[in-house]
Structures are given as structure tokens and as C-alpha cells.
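Observations on the three-dimensional arrangement
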Amino acid sequence: MTVFPGSTGLVLNEPLLWERGRRGRSGFSLPRRDVERREVSPELSGEAPDLPEMSEVDMVRHYIRLSQWNFSVDTGMYPLGSCTMKYNPKTNERQCGRPGFAGAHPLLPEDLCQGALELIAALECCLAEITGLKAVSLQPGAGAQGELTGMLMFHAYHRHQGRPRSKIIVPDSAHGTNPASAALCGYTSVPVPSNASGILSPETVAAVMDEETAGIMVTNPNTIGLFEEHIKTIADIVHAKGGLVYGDGANMNAVLGLADMGRIGVDVLHLNLHKTFSTPHGGGGPGAGPVCVSQPLEPFLPVPRVVVRDGAFRWSEDFPLSIGKLQAFWGNMGVLIRAYSYIMSLGAENLKRVSQLAVLNANYIKARLKGTFHLAYDRPCMHECVFSDKLQQPHKVTTLDIAKRLMDYGFHPPTIYFPLVVPGAIMIEPTETESKETLDLFVESMKAIAAEARDNPEELRQAPTRCTRRRLDETAAARKPCLRG
Amino acid sequence: MKDLSELKFPEELNYVDSHEWVRTEKGRARIGITDYAQDQLGDIVYVELPAVGKSFAKGAPFGSVESVKAVSELYRPIAGKIAEINSALENTPEVVNTSPYDQGWMIVVEPSQPDELKGLLTSRTYREKLKG
Amino acid sequence: MRYLPHTPEDIAEMLEVSGTPSLDDFFAVIPPECRRSRPMALAEPLTEWELNAHIDALAGRIAVAPEFKVFLGAGSYEHFIPAALGFVTSRSEFSTSYTPYQPEMSQGTLQAIFEYQTLATRLLGLEVANASMYDGASALAEALLMAVRITRRSAVAVSRAVHPLYRRVVRTYLDPTGIRVAEIPFRPDGTTDPAALGNVQELAALAVQSPNFFGCIEDLKAFADGAHGAGALLVAGFTEPLAFGLFRSPGSLGADIACGEGQSLGIPRSFGGPGLGMFASRMQYVRNMPGRLVGETVDLESRRGFVLTLATREQHIRREKATSNICTNNSLCALTAAAYMACLGGAGLRELAQLNHDKAEYLKAQLRAAGISLPFAAPTFNEFVAAFPAGFRDTHRRLLARKIVAGLPLETYYPELPGHYLLCATETLSKADLDTLVREVQS
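Please read all numbers here as calculations on a predicted model, not as lab measurements.

**A few points about the overall build of chain B**
If you tally the helices and strands in chain B, you get three helices and nine strands. Along chain B, from the amino end to the carboxyl end, the secondary structure elements read β-β-β-α-β-β-β-β-β-α-β-α. Over its C-alpha atoms chain B spans a radius of gyration of 14 Å, differing by no more than 12% from the 14 Å that the globule rule assigns to 132 residues. The dimensions of chain B, computed from C-alpha atoms along their principal axes, are 35 × 35 × 20 Å. Buried positions account for 48% of the 132 residues belonging to chain B. When contacts within chain B are restricted to residue pairs at least 6 apart in sequence, those whose partners lie at least 24 apart make up 63%. Side chains of chain B carry 16 positive and 21 negative charges; the gap between the two charge centres is 5 Å.

Listed below in C-alpha cells is the structure:
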């Protein structure tokens, strides 16, 4: 009798912060006052803000209880396609927490922060080597900001060529941030469909590529988990008409040490450090979205950049064609330190192994679930595989029901209803850090759910029943938004 | 989501491919979205409508309908000026789901090209198109 | 390798089930012209113990308290962070979870962010706050884009007393949009000149920071009236939210959007990131707001719960018509800020803000008494500008060797202010530290 991870246990109720607390309590040790009090003039001074007053024990209990309502990578498997929810190494937390890093002011004179500048330079070097591209900026604070950086660089490049262009080719399987980032630069997205095999055809791209098109945004491997086999030809087609190739590197976990983005012809690639490079997702962030670029795009990188001068690391703004700045300072240093620690801990061989095992894990799941669920593309996948709810539709069970029921078994659901090109998509990315036993339990759970869909579909429609909450009324939340207490 | 046979398309109305319906009322056109559209969208949470007096061309987007997980543009079946909008939808967007042809109406238009009213689909043709 | 659990037996079994002879075969789909021609040239992997030593060596070459006395603010502030705070925010259920798209198993994150949104609105005096943006600078850029969407006008005015690096980010974001960015000068007292506002046509928004880059408190009420009179929105920026423990909130003074940097609220400086882009506005503009929003609702058993809501504004649904492209935000930092505000409480925040103010006032008084010029007369919070005599650049450099960073030289940002330095004094500097600085700058 299989014992699944999903279980019940005593998890405590906890009210909202301001429903706790009482006037006069405090959870903070106020520093000793050693200077005189200087009253602020009454016109400028306001009321003390209405913040809850709690003792330290109440504050700690509040957050510990809330944390127990969350599922996380440290709790169990989180097979979200295209999110790469791999294990977040704890040594990385130790490294970014070192007082020298945690307490560093960003505007320290260069001689007083050589350690930070050296890490930035070293990480740039690592990412350039890993991607096969020439130069790197660590400034963008997330993948979407990396995309924006790329689009701004496209814009600056074409303007510098004297021919500003107005369109960007975006595959219909692209992540929503792609057209949104292009729009922020004033580009019109030109959608192109994938072919029957789930990848882009050169002919489709050639049909829309012209001198008004700034370039193409391609995710490779794509959002369905397939390697874009024609990517080099497509890059050549775009380059031939003076366009540029933007690579969305969200799925880099499949091709570390294997694909060479520079050889492929990518001009700007963003990486998601919170995906491929193991930094934690934080319940939504912070992440980091560095960009790696080819030689022709290097002059347009954000500033300042770290350079070596007279044997020391220095900031340089001497890049007149730079697009400027995306964040006030230099990027999410705390996240960069974690990614650097990860790369230094793994080395080249292990990073390649990461991709090999990530792809193995996904193909193993694909082989074991094929037939139980409808496989969207019956061909070898990379680090993620896409199923759908087609076989469960006769029982009036949807992808949503399957996802909700999986929670009761003790797994986070896969990505659902994305990419849009597969109706009812269930996209599974196990990552390389899950063991065979965990994958087997996941497969058994999915098979059990498929059987429930057939024999007892109402069980699925009522799921989840073991989480701290049942299904929530999202319609009411949107019709009458209550966004604060 | 409902089966096509369960959806209603009143015969006295006209339809367009972008799933809006038109009711002619003494030379003016009352417009909303069809039972198929509201069923596809799911629970509607918000309807964005233009200002009274604004003019649009045929086929132009004039607003949008939102459910929790999707947003759909609304397209003009005919050209003309907006004479009235259904401001009740601001507080009760759900009537588009429960009564798409009656209380869920969205705009009333003064057609600038009355001939366009003749080129619209009948209930039967619209249903046929949905089957295909 | 401890993060890769596969044994050779595991791999063999799994290959067999997958019907693939070897790991390399999975990658046959990658054409030769797309492949690496040689292995990655990275350093040999370090053991955990070697990594500790390597990182310690790097961290050891950065100047931090208590060894160094760093009198720098300028958008990044040193504040005490309670031990209890680090304990709760490092719970891996918070840090290793994903965006709460599956709300039933993410109520911890969702309630915590709903609490953050609430506390942010109370601090800033506005009606709705989002779940965070990247930092204060990108938040400002997004606020201006939001104002342009709302008013459908094509120009914005930004005070020159807004943080110079924020203004550069605004220019980068707005460059391809065709939106005109006009600059409003500052007056001799260190505050923005309201008279200059009248010159700007087709104004969508006026952006003023308070306390501004020079630490001076701006008359936001006057700017709100001016902006509204011109049919524009007032965007009130900030880099030091602790100020609102003492001074009137931007919302109470008429700001339509308040946005800025929340790093002071319990987040380590960390060489400039990750920080916390705080973003709040009036409720009437919520559908134009960028970023995620958490809303309250009920579940099937009528129990209160929380979900992401109004998602149709965002990129994953609206795609190219989204209010922003933002996806990943700074959620864990927002949670940290809420927990910090909960530690302090309203009275505690006020007292801490008062202390910050008083430390800077003490330093100002001592510098004045020592004959140092303080050119800007406007009231300040915890930073201010001092104009040192000619030759101070050498003194400043000499003081670095004595482990004192005596302020930020302003000349690169404001060429018209040579010899001017921005000094910051928070609760982390003692009276003795302040006295030492005063003594040293005169030597």
C-alpha cells in the first residue's frame, strides 16, 4: 500500500497581524538615546502610523504559524514547468549573509569594496563562459527586467544604425513577459505559430521577417520543453535582414554545458538566477535576470560596468552607447552571491550533469505517465514534458481538478494552462535534484488521480481537502477587491 | 462549459463572428456579448466600456470583458456613436453571465452606416459557424 | 555531489524505462552547429569548507561597521535588524516557495503579503499597495508610466532633487516611449522650486521625492495642489520610509501615487540589492497599477483566505497590453518589511524615526559649531548636505584610511555643488562616532 507524502497534521490558525497585538506592546529593542531630543515643527509632523504593537513572541509565532501553511521546495517536490524549482543550497544563505556582504553600502569608494567588485566580475565571467556569449550585465532584477534590458538594447542598436524598427517576432508559445517587455519599448509583437512538432519553422519566420522588424524573441528550449532544432537557421534569417536575436534563457537548465548560445547566434540572452542557478524563489521574488550579449551588442549594456584598472576593480561609466540603468544600484547582489556560490560549488562537470539529470528525470516521468495522461508531443523532451487533460475530459475532469487533487497527495501541482498552445496543459519539470523514489511517488500519485478521475471524479472536484484552505472564491476577490485590512 | 446545444441565440437578434449580438431598436442598435462568449469567459468580474458620445469604426475594439483568468476585447459590429452605456455593469458585472441578451446589454449605438445592419449574421448562421 | 541524488543504478533503471541507451542520446536533438565545442572553462568545484574560506576572503575586503564608520545614506541606509526578524524571514517555507498561484497551499505567503500591503498603505497614507516592485528607482519609472496611462498625456516633470540614480533609471525606461521628461530645479534652501511647474505642458505627472536626495522635507501639499491644478498626478517618491514615522505621509498630503525604496525596513543593504520597491496609490487607479495584488476572499467552507487577484492587469494574461512586464518581484523583502514594522509597532517606529532625526540634528549642530557650512536651510530627516572647504577631498581620502567614510561627494551628480557632501546619521551611529567625525573633518 503506497504511502503518499500528503497527510494531515496539527497546523494552527493565526489571525491577521493587526488582530493580534495590544497598544503598549513592543517587539523591538530601541537603541539607547545619547543625543538630545529635537522636536519637529507641528506643520511637518504627522501621527505615528497605525502599525500593530506586538511582543516579540507574538511576532515570531505569527510568522512561524503562517510559514506552516506554505508548501515549499524544502517541504516537497515542486514540478512547475519552466520555473526550475530545484533545491536551494543552504550554504548559499551563509555566503550572502556574511557581514561584509550584507552590511555593504553600494556607494562605498571602490578601494573599500574590492571584494564585492571582484565577485561581480567573476560571476560575469562565469555566465559568459556558461552561455558562450561575450559580455554580461548583472543589473536586471528579474527575468522580465532582463527582457526589458534586451529590448532597450535592441532599440538602441537599431537607432544607432540609423534605422529604428517597430516590430518584434514573438512565438505564440512565448511567456507573457515577452510581448509585455517588447511593448514597453514601443515594439509591436508579430506572433508566429509553432509547427505540428511543437517548434518553430524557418519558413514561418522568414515569411514575417523584414527590414521593419527589430528581431525575434525565442525561448530555447521552448516553453513546451523542446529544443528549437532550427534555431541557427532562424537566427541567420533574422540576421540577414539586419535583425537581432533575443534568447529567453528561462529553460537554460536543460542545456548547461551542451548548447552554445553564442554559436547559435543569440545576441542578447537573459538568465533567471532563481531558476537555473538555484537561488530561492522567495514566494515570488527576489530573483535576478542578468543579460549576456554578443560582441555587437556589448556597447549598449547597462552601466556602470566593472573594469580592471591598475590592478584593481573599478566602476566605469565610459560606455557612451549604454542604454543607461535599470535599477538604482548594481543589481540584486544578495541573489548574485548565491548564484556565484552555486557555480563555485558545482564546477563545469557538475553543471553539465545538472542538465543531463534534469532531462533524464523529465523523460522518465514522460515514459511512465504516457498513456495515463494525454501527451501533447510524443517525442523526446528536454527538462520538462507537457501533458493535457484530454483523456480525462469524458469524465468531466479538468486540468484544474487534477492539479488541486495532487496537493492532497503532497505535491505542488505542475504548471497548468501554460503554454497556451496546448489546451489544458499540464507542464511537469521535476529538475535534477529530485531522486528516483520521489519521482516514482509522484508518478504513482498521478496514476491514482487518473483512476479517481474515472471512478470517483467528484473527489477531484472537491479537492484539495488537506490544505489549510479549500478552493477559494477568486471571482468574488476580483469583483469586490479587498486589498488591505 | 456548456455544450453548443445548451447555448441560446435568440432568433430576433443578429450576430457577428467576434461573438457580439445586435438588437435593432427604432434605428438604434443595442449591443452585448453572446451566450457562447459569456460561457467561454466564465464568471465575469469586470466590464470596461467607453464614454458616451465616442465614435468607433466597424470592427474597432470598444472595450473589454474580464473574467478571473482571461480578458477579451469587445469589437464593434457596426460603426457609429455611443448613445448609451449600461453603467449597472460597473457594480454587477455578473448579469452578463446570467442575462447576456437582456440586463447584460453593454452599449447602444447610433449607426453611422445603417446598411451595415443588413450584413450581420442570423441566429442560425452564427450557430452553424460555432459548430465548425 | 550532494545536490544530485542519482546513483549509477538509478540512472541505468531510468534510462531503460525511458527507452534511451545513454544520457547523451537525449541531446541528439541539439544540432552540431548549436553545441559547445569544448567543455566550460570554470574553476574546479570547491568543497563547502573551501567555499566558506573563499567567500570570507572576498567579504573581508569590504568596509562595514563596526570596523568602519560609514556616514552614507543616498538611497541605502544602515539600520539595526532584530535577530528575531532574520529567524522568521529565513523560514524555508517562505524562502523556497514559489509565487502563490496555487493559493490553497500558499496561504502563508498570501496572508503575509496581504499584511504587507495593508501596513504599506498605513505607512504611506494611501488606499492600495501592490505586492512589491524591484526597487525604488524602477518603481518610480513604473509610477510615471502609470500616470501617463491614466491621464493619456505625454509629459512628466521630475524634480532635480530626486535621487540622481533614480532619474537615470526613469530616463532609461522612458527613452523609447516618446514621453517627455522635464526637469524641475531646486532652490537655494534645498527644496524643489514649485514655480517651475507652470512651464510644462501636457503634464501627466509631477514627481517629487520627500525627504529628497539632500535629506530635505518637501512641501508635498503645495506640489499636490499644483499638479492637480494642471490636471496631473503627484507622484511622491522616497528612499527612506522611516521618515514617515515622524513626518506626514505622502498620501495625507495629496499624493496620488507614492513609490520608493523600502530597504530601511529590516532589509540588509547588501551592496544595493535586493531592496524593496514600495508602490501605493489611490483605489480609483488600481486597475492601472503594475505588479501583483493579494486580495481577501473566502473558501468553500466560508473561511477567510487570500488569493492573487486583479490578475488581468498582468503580463501572463494581458501580455502586450499589460500594465507592466513584471513577473517575479521582491516578495520575500516585502514580507521582511512587514515583519519589521510589526516588530517596531507604530509607537516604536515613531521613536526610532525621532532618534534618527535627532542624531542627524546633533551632527549638524556640531558641524555648524565647528564652522562647517550647511548650505540647505530646509528641515531634514537623517541626512543633510555639508559644504566643506577647499581641499576637503584630500581629507576625505585620508579619513578612508582611518576607517571613516565621511559622506558622499556630490560633485559627480551635481556639478554645481563642488565640495558638497551628503552625510547620513542613523540610530546605528553613537554620539561618540558623531563627535569623532566632527573632530576628524577639521584636522
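There is more to say after this.
**Remarks on the nonpolar core**
Counting 201 residues, the largest nonpolar core has Leu127 and Phe277 of chain A together with Phe214 and Phe271 of chain C as its most contacted members. Excluding residues within four positions of it along the chain, Leu127 of chain A makes contact with Val136, Leu138, Leu271, Leu273, Phe277, Pro290, Cys292 and Ile343 of chain A. Of all hydrophobic cores here, the second largest spans 58 residues; its members include Met54 of chain A together with Phe238, Leu276 and Ala342 of chain C.

**Here we look at the pattern of salt bridges**
The full count for this structure, using the stated rule, is 68 salt bridges over all chains. The salt bridge partner of Asp50 of chain A is Arg122 of chain C, with a shortest N-O separation of 3.6 Å. Of this pair, Asp50 of chain A sits in the segment before helix H1 (56-67) while Arg122 of chain C sits in helix H5 (residues 107-124), placing the two residues on different chains. Taking relative accessible area as the criterion, Asp50 of chain A reaches 47% and is therefore assigned partly exposed. For Arg470 of chain A, the salt bridge is made with Glu301 of chain C, and the minimal N-O distance between the two is 2.9 Å. Linking Arg470 of chain A in the loop between helix H13 (457-461) and helix H14 (474-479) with Glu301 of chain C in the loop between strand E9 (294-298) and strand E10 (304-308), this pair reaches from one chain into another. Salt bridges linked by common partners bring Glu14, Arg20, Arg25, Asp58 and Arg65 of chain A together as one network.

**Overview of the packing of helix H4 (residues 114-131) of chain A against helix H10 (residues 333-369) of chain A**
Residue and element names in this part refer to chain A. Between H4 and H10, the shortest axis-to-axis distance is 10 Å and the interhelical angle comes to 45 degrees. Taken together, the axis directions place H4 and H10 in an arrangement best described as oblique. The way H4 lies across H10 gives a crossing that is left-handed. Listed contacts from H10 to Ala116, Leu119, Ile120, Ala122, Leu123, Cys126, Leu127 and Ile130 of H4 are Met333, Leu336, Ile337, Tyr340, Ile343 and Leu351.

**Details of the side chain of Thr172 of chain C**
Inspection of the secondary structure assignment puts Thr172 of chain C in helix H7 (residues 164-174). A relative accessible area of 4% means that Thr172 of chain C is categorised as buried. Apart from residues lying up to four places away in sequence, Thr172 of chain C is in contact with Leu152, Ile323, Gly324, Lys325 and Leu326 of chain A.

**So, the sheet that holds strand E13 (residues 408-409) of chain C**
Sheet strands pair by backbone hydrogen bonding; their relative direction is either parallel or antiparallel. All names here are of chain C. As summarised here, the arrangement of the three strands in space is E11-E14-E13, forming an open sheet in which the pairing is antiparallel. Since the sheet does not close on itself, it has two edges, and those belong to strand E11 (383-387) and E13, each with one partner. For E13 and strand E14 (residues 420-424), the ladder comprises two bridges, and the chain directions are antiparallel. Bridge assignment links Leu408 to a residue of E14, and that residue is Leu422.

**Remarks on the sheet that holds strand E4 (residues 44-48) of chain B**
Residue and element names in this part refer to chain B. In space, the three strands of this open sheet follow the order E4-E6-E7, with antiparallel pairing throughout. Sheet topology places E4 and strand E7 (71-75) at the edges, where each strand pairs with a single neighbour. Adjacent strand axes in the sheet meet at a mean angle of 20 degrees, parallel and antiparallel pairs treated alike. Here four bridges tie E4 to strand E6 (residues 61-67), and the two strands are oriented antiparallel to one another. Note that in E6 the partner of Tyr46 across the bridge is Glu66.

**A few points about the domain arrangement of chain A**
All names here are of chain A. As assigned here, chain A comprises domain 1 (92-345) and domain 2 (351-469). The gap between the C-alpha centroids of domain 1 and domain 2 is 30 Å. Both faces considered, domain 1 and domain 2 share a buried interface measuring about 1900 Å² in area, 63% of it formed by carbon and sulfur atoms. Seen at the junction of domain 1 and domain 2, the total is one salt bridge. Viewed at the interface, domain 2 and domain 1 are joined by eight residue pairs in polar contact (both at pLDDT 80 or more). For the side of domain 1 that touches domain 2, the per-class residue count stands at 15 nonpolar, 10 polar and two charged.

**Description of the environment of Asp172 of chain A**
Summarising the element assignment, Asp172 of chain A is placed in the loop between strand E2 (167-171) and helix H6 (177-184). On a C-alpha basis, the gap between Asp172 of chain A and Pro191 of chain A in space is 5.6 Å, while along the polypeptide they are 19 residues apart. Excluding its chain neighbours within four sequence positions, the residues that come into contact with Asp172 of chain A are Val192, Pro193, Ser194 and Val421 of chain A together with Arg319 of chain C.

**Examining the pairing of strand E8 (residues 305-309) of chain A**
Of the pairings in the sheet, the one linking E8 of chain A to strand E9 (residues 312-316) of chain A comprises five bridges and is antiparallel in character. The residue of E9 of chain A that forms the bridge with Val307 of chain A is Arg314 of chain A.

**Brief notes about the side chain of Arg313 of chain C**
All names here are of chain C. As for its position among the elements, Arg313 is in the loop between E10 and helix H9 (315-318). One polar contact links the side chain of Arg313 to the main-chain carbonyl oxygen of Met289, over a distance of 2.6 Å. Side-chain polar atoms of Arg313 contact the backbone oxygen of Leu310, separated by 2.7 Å. If near-sequence neighbours (up to four positions away) are discounted, Arg313 is found in contact with Val286, Arg287, Met289, Pro290, Gly291, Arg292, Leu293, Arg318, Ala322 and Thr323.

**Notes on the confidence of the model for chain B**
In low-pLDDT segments, the atomic positions of the prediction should not be examined closely. Considering every residue of chain B, the mean pLDDT works out to 92; 100% of them sit at 70 or more. Predicted complex, confidence summary: ipTM 0.97, pTM 0.96.

**Looking at the packing of aromatic side chains**
All names here are of chain C. All told, the structure shown has 30 aromatic pairs over all chains when counted by the stated rule. Considering the side-chain rings of Phe392 and Tyr421, the 4.9 Å spacing of their centres and the 80 degrees angle between planes classify their relative orientation as edge-to-face. Of the two residues, Phe392 is situated in helix H11 (residues 392-401) and Tyr421 in strand E14; the sequence distance between them amounts to 29 residues. A residue is classified by how much of its surface remains accessible, and Tyr421, at 6% relative accessible area, is buried.

**A few points about the interface of chain B and chain C**
On the side of chain C, five residues touch chain B, which itself brings 10 residues to the contact. Roughly 610 Å² of surface becomes buried between chain B and chain C when both sides are summed, with 47% attributable to carbon and sulfur atoms. Along the contact surface separating chain B from chain C lie zero salt bridges. If you look at where chain B meets chain C, you find one residue pair in polar contact (both at pLDDT 80 or more). Going through the elements one at a time, E4, E6 and E7 of chain B are the ones with two or more residues in the side of chain B that touches chain C.

**Quick look at unusual backbone geometry**
The omega angle of the peptide bond from Val303 of chain A to Pro304 of chain A is 0 degrees, so this bond is cis rather than trans. By secondary structure assignment, the location of Pro304 of chain A is in the loop between strand E7 (291-293) and E8. Backbone torsion omega between Ala65 of chain C and Pro66 of chain C reads 0 degrees, so that peptide bond is classified as cis. With respect to the secondary-structure elements, Pro66 of chain C resides in the loop between helix H2 (48-59) and strand E1 (69-70). For Ser82 of chain A, which is not glycine, the phi torsion reads 70 degrees and is therefore positive. The residue Ser82 of chain A is located in the loop between H1 and helix H2 (90-96) in this model. The backbone of Lys396 of chain A shows a phi angle near 55 degrees, a positive value even though the residue is not glycine. By the element assignment, Lys396 of chain A lies in the loop between strand E11 (385-388) and helix H11 (399-408).

**Focus on the environment of Ala311 of chain C**
Its location among the elements puts Ala311 of chain C in the loop between E10 and H9. When the C-alpha atoms of Ala311 of chain C and Ala204 of chain C are compared, they prove to be 25 Å apart, with 107 residues separating the residues in sequence.

What counts and how
Residues numbered from 1 in each chain as written. Chains lettered and ligands numbered in written order. Predicted model: local features only at pLDDT ≥ 70, side-chain atom pairs only at ≥ 80, totals over all residues. Heavy atoms only, no water. Helix = DSSP H or I, 4+ residues; strand = E, 2+ residues; numbered from the N terminus. Rg over C-alpha atoms; globule rule 2.2 N^0.38 Å. Buried < 20%, exposed > 50% of the residue type's maximum accessible area, 1.4 Å probe, protein only. Contact = heavy atoms within 4.5 Å. Lys, Arg positive; Asp, Glu negative; His and termini not counted. Charge placed at Lys NZ, Arg CZ, Asp CG, Glu CD. Core = buried A, V, L, I, M, F, W, Y, C linked by side-chain atoms within 4.5 Å. Salt bridge = Lys/Arg side-chain N within 4 Å of Asp/Glu carboxyl O. Axes fitted to C-alpha atoms, helices over the stretch in contact; angles between N-to-C directions. Parallel < 35°, antiparallel > 145°, perpendicular 65-115°, else oblique. Left-handed = near helix turned anticlockwise from the far one by under 90°. Pairing = 2+ DSSP bridges. Domains from an automatic or database assignment. Buried area = accessible area lost by both parts, 1.4 Å probe. Polar contact = N/O pair within 3.5 Å; in protein donor to acceptor, adjacent residues only side chain to side chain. Nonpolar A, V, L, I, M, F, W, Y, C, P; charged D, E, K, R; others polar. pLDDT = per-residue confidence, 0-100. Phe/Tyr/Trp six-rings, centres within 6.5 Å; stacked < 30°, edge-to-face > 60°.

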